[in-house]
Amino acid sequence: QKASLGQYCPKLLQGLAEGKQMEDSSGKSFYVALMCRRSRLHPGTRYLARGINACAACGNEIECEQLVWKGPEGGTDSVKYSSYVWRRGSVPIWWGVDIKKTVGEAEIWVKSDDSYKDTARYFRRMTRQYLQT
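Every chain begins its residue count from 1, and numbering advances along the sequence as written. Note on the predicted model: pLDDT of at least 70 is required for a residue's local features to be given, and 80 or more for side-chain atom pairs to be given and counted; whole-chain, interface and lining totals, by contrast, use all residues. Neither water nor hydrogens contribute to the side-chain values; these are computed over all heavy atoms in the structure.

Visitor: Quick question: what am I supposed to make of the pairing of strand S1 (residues 15–23) here?
Guide: Both faces of the sheet carry side chains from a regular strand, because those side chains alternate between them. A 1.4 Å probe rolled over the protein chains alone gives each residue an accessible area, and that area as a share of the maximum for its type sets the label: buried under 20%, exposed over 50%, partly exposed in between. Going along the chain from the N terminus, every DSSP run of H or I of four or more residues is numbered as a helix, and every run of E of two or more is numbered as a strand. Burial analysis of S1 places just zero of its nine residues in the buried class, which makes it a mostly uncovered element. Across nine bridges, S1 lies against strand S2 (residues 29–38) in antiparallel orientation. From the neighbouring strand, Met22 faces S2, where its bridge partner is Phe30. Two strands form a pair only when DSSP identifies at least two bridges running between them. If you look at the hairpin formed by S1 and S2, you'll find five residues sitting between the two strands, and Gly27 has a positive phi there, around 90 degrees.

Visitor: Before we go on, may I ask you to explain the pairing of S2 in this structure?
Guide: One ladder, built from eight bridges, connects S2 with strand S3 (residues 62–69); its direction is antiparallel. Along S3, the bridge assignment pairs Arg38 with Ile62.

Visitor: Just to check I follow, could you spell out the packing of aromatic side chains for this structure?
Guide: Any aromatic ring pair is given by two values, namely how distant the centres are and how the planes are angled relative to each other. Note on ring pairs: Phe, Tyr and Trp rings are taken, using the six-membered ring of Trp, and paired if centres are within 6.5 Å. Classes follow the plane angle, with under 30 degrees stacked, over 60 edge-to-face and the rest tilted. Taken as a whole and assessed by the stated rule, the structure comprises three aromatic pairs. Where Tyr122 meets Phe123, the ring centres are 5.1 Å apart and the plane angle is 75 degrees; that geometry is what we call edge-to-face. Consider the ring centre and the ring normal. A charge sits over the ring if Lys NZ or Arg CZ is within 6 Å of that centre and within 35 degrees of that normal. Over the ring of Trp94 we find Lys111; its NZ or CZ atom is 5.0 Å from the centre of that ring.

Quick look at the structure:
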């Protein structure tokens, strides 16, 4: 931003957005949408982005939201819907994996001193993000 290059740098989002119209067992249609986005705070490959980092972010963390709804019923414009949000990612402590030479062989390690450093900070951020009123 200081170099005024923002206009030349595209904003990228790694994730998924998909929607489908489906039918229940009685033949009535409804809609399902799934949106997932990968966190930018601790990205990386499966074995290289593990545990928590100095930003209090977990490796390979993904936030997903599922929406389910039907079209308007009974002559009204209102739409009833359901939303469910979940996250998945590494356990929020200082840990990692050392890859060995053999395929499928890896050694998990946990930081011996202060392995829970930044864990409380991670949960405070999650609380602020999801419990805003």
